[in-house]
Amino acid sequence: MVTSVSVAGRADLTDAQWARLEPWLPRGVKAGRPPKWTKRQLIDGIRWRTRTGTPWRDVPVRYGQWQTVYGLFRRWQRGGRWALILKMLQAFADAVGAIIWQIGVDSTIMRAHQHAAGARRDGDGQKHPPGGGEVEPADHALGRSRGGWTTKLHLACEQGMRPLALLLTGGQAGDSPHFTAVLTSIRVPRLGLGRARVRPDRVLADKAYSSRANRAYLRQRGIKATIAIPGDQATHRRNRGKAGGRPPAFDPEAYRNRNAIERGINQLKQNRAVATRYDKLAVRYLATIHIAAINQWLRCPDL
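Computed from a predicted structure; not experimentally measured. (Residues numbered from 1 in each chain as written. Predicted model: local features only at pLDDT ≥ 70, side-chain atom pairs only at ≥ 80, totals over all residues. Heavy atoms only, no water.)

Peer 1: Explain the overall build of the chain to me, using residue names and the numbers behind them.
Peer 2: Within the chain one finds eleven helices and seven strands. Taken over C-alpha atoms, the radius of gyration comes to 21 Å for the chain, in line with the 19 Å a tight globule of 303 residues would show. For the chain, the spread of C-alpha atoms along the principal axes amounts to about 80 × 45 × 30 Å. The buried share among the 303 residues of the chain stands at 49%. Excluding contacts between residues fewer than 6 apart, the proportion of contacts in the chain whose partners are at least 24 apart in sequence is 68%. Working note: accessible area of the chain is about 16,000 Å², and carbon and sulfur atoms make up 50% of it. Taken together, the 52 basic and 22 acidic charged side chains of the chain have centroids lying 2 Å from each other. (Helix = DSSP H or I, 4+ residues; strand = E, 2+ residues; numbered from the N terminus. Rg over C-alpha atoms; globule rule 2.2 N^0.38 Å. Buried < 20%, exposed > 50% of the residue type's maximum accessible area, 1.4 Å probe, protein only. Contact = heavy atoms within 4.5 Å. Areas by Shrake-Rupley, 256 points an atom, 1.4 Å probe, with all protein chains shown as cover. Lys, Arg positive; Asp, Glu negative; His and termini not counted. Charge placed at Lys NZ, Arg CZ, Asp CG, Glu CD.)

Peer 1: Describe the side chain of Q296, listing the residues and the values that go with them.
Peer 2: In this structure, Q296 sits in helix 11 (residues 282-298). You can call Q296 buried: its relative accessible area is 3%. Of note is the side chain of Q296, whose polar atom sits 3.1 Å from the side chain of Q267. (Polar contact = N/O pair within 3.5 Å; in protein donor to acceptor, adjacent residues only side chain to side chain.)

Peer 1: I'd like a description of the packing of helix 3 (residues 66-78) against helix 11, backed by residues and values.
Peer 2: It is at 10 Å that the axes of helix 3 and helix 11 come closest, and there the two elements cross at 100 degrees. Taken together, the axes of helix 3 and helix 11 lie roughly perpendicular to each other. On the side of helix 3, the interface is formed by Y70, F73, R74, Q77 and R78, while helix 11 contributes V283, R284, A287, T288 and I291. In the contact of helix 3 with helix 11, the residues fall into five nonpolar, two polar and three charged. (Axes fitted to C-alpha atoms, helices over the stretch in contact; angles between N-to-C directions. Parallel < 35°, antiparallel > 145°, perpendicular 65-115°, else oblique. Nonpolar A, V, L, I, M, F, W, Y, C, P; charged D, E, K, R; others polar.)

Peer 1: Explain the pattern of salt bridges to me, and be specific about the residues and the numbers.
Peer 2: Considering all chains together, one arrives at ten salt bridges under this definition. R197 serves as the salt-bridge partner of D201, at 2.9 Å between the closest nitrogen and oxygen. A residue is classified by how much of its surface remains accessible, and D201, at 47% relative accessible area, is partly exposed. What you see here is one network of salt bridges that share partners, running through D106, R258 and E262. (Salt bridge = Lys/Arg side-chain N within 4 Å of Asp/Glu carboxyl O.)

Here it is as structure tokens:
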């Protein structure tokens, strides 16, 4: 029997969502008195902060002491737990046929708040170092652009608008050079026997990703591509005549489905701690995005 939280916020976990999430959580092994705050309350506090973007100190007391809420967030980030929960939700969705393997690839830029600045060049020199298996980039995934300090999120979404792969860089980074890195990050485990699925059926992308290297990579892996062709590339090909070769195949009807990743990005950025970066370390900010992505998967009607 699932126990409901006595005082619930408007966007807290429902009993059905908690029942889906609980099996993937680590089990406590400490003996003695039970903790004052339940795991469900603390997770709801973390989700509340992700949604509102407030400082950790302002997390409502009904979710627990803010130090305890933040401590759980940081501990699970260092242990790779948020990324693992996201993977397991993807695996369950794939097992019930809830993933449509027509993938959109795109990027979006987030402004960095002044609180995101000031991290030490050596991440391990932080008061609370990155830890875990993820490597903190030297630039902390912060870059200069016209709007100031920004971070860019490169991602792949399936047709249900839910992310399958997430990658952070500085805001000034180009899109096309990270195309293959995003696709190679797709890895959905099997709940039973068998290898993890890593290859989509089709990839949809805008003209920023139309390069020979990207198309060759997709051909080599046997993945169908629907990528818009920039006007200058089409002009150069026509000017070369027969030497320009055939233009790449482009299906305008299939390309219309690229709206799924645009909508998926919009859903992620409805979380204020994602739309504006407040975390100093890139690995902490990526964990925040993982939590927002977990929320998207928990809202999947088939889970």
